[in-house]
Amino acid sequence: MMVLTNGHLTMAENPAGRAGVTVASVEAEKRWRANATIRARSARLLKDTFSWF
């Protein structure tokens, strides 16, 4: 849920009108998580946390 709310996944709608996310954004998130350093993860967590306020 937080990944979607913070804009890390891209919203999409299928032809039937059902909401979801794009495959490309899910793949990009998987790549980021696999390659992100601890520093990058910490920075993202901090940024995402403060964006809620």
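Residues numbered from 1 in each chain as written. Predicted model: local features only at pLDDT ≥ 70, side-chain atom pairs only at ≥ 80, totals over all residues. Heavy atoms only, no water.

Asks: Teacher, can you tell me more about the layout of surface pockets here?
Replies: Rolled over the atoms, a probe as big as a water molecule pinpoints where empty space is left. Empty space within the largest pocket amounts to approximately 170 Å³. Lining the largest pocket are Met2, Val3, Asn6, His8, Glu29, Trp32, Arg33, Arg41, Arg44, Leu45 and Asp48. Those elements that provide at least two residues to the lining of the largest pocket are helix H1 (2–5), helix H2 (23–35) and helix H3 (38–51). The biggest single contributor to the lining of the largest pocket is H3, with 4 residues. Within the lining of the largest pocket, the residues separate by chemical class into 4 nonpolar, 2 polar and 5 charged. (1 Å grid on protein atoms, 1.4 Å probe; cavity = no way out; pocket = protein on both sides within 12 Å on 5 of 7 lines; lining within 4 Å. Points joined across faces, edges and corners; volume = space filled by probe spheres on them. Helix = DSSP H or I, 4+ residues; strand = E, 2+ residues; numbered from the N terminus. Nonpolar A, V, L, I, M, F, W, Y, C, P; charged D, E, K, R; others polar.)

Asks: What should I look at first to understand the packing of aromatic side chains in this one?
Replies: The geometry of two aromatic rings is summed up by the distance between their centres and the angle between their planes. Applying the stated rule across the entire model yields 0 aromatic pairs. It is arginine 44 that lies over the ring of tryptophan 32; its NZ or CZ is 3.8 Å from the centre. (Phe/Tyr/Trp six-rings, centres within 6.5 Å; stacked < 30°, edge-to-face > 60°. Lys NZ or Arg CZ within 6 Å of the ring centre and 35° of its normal.)

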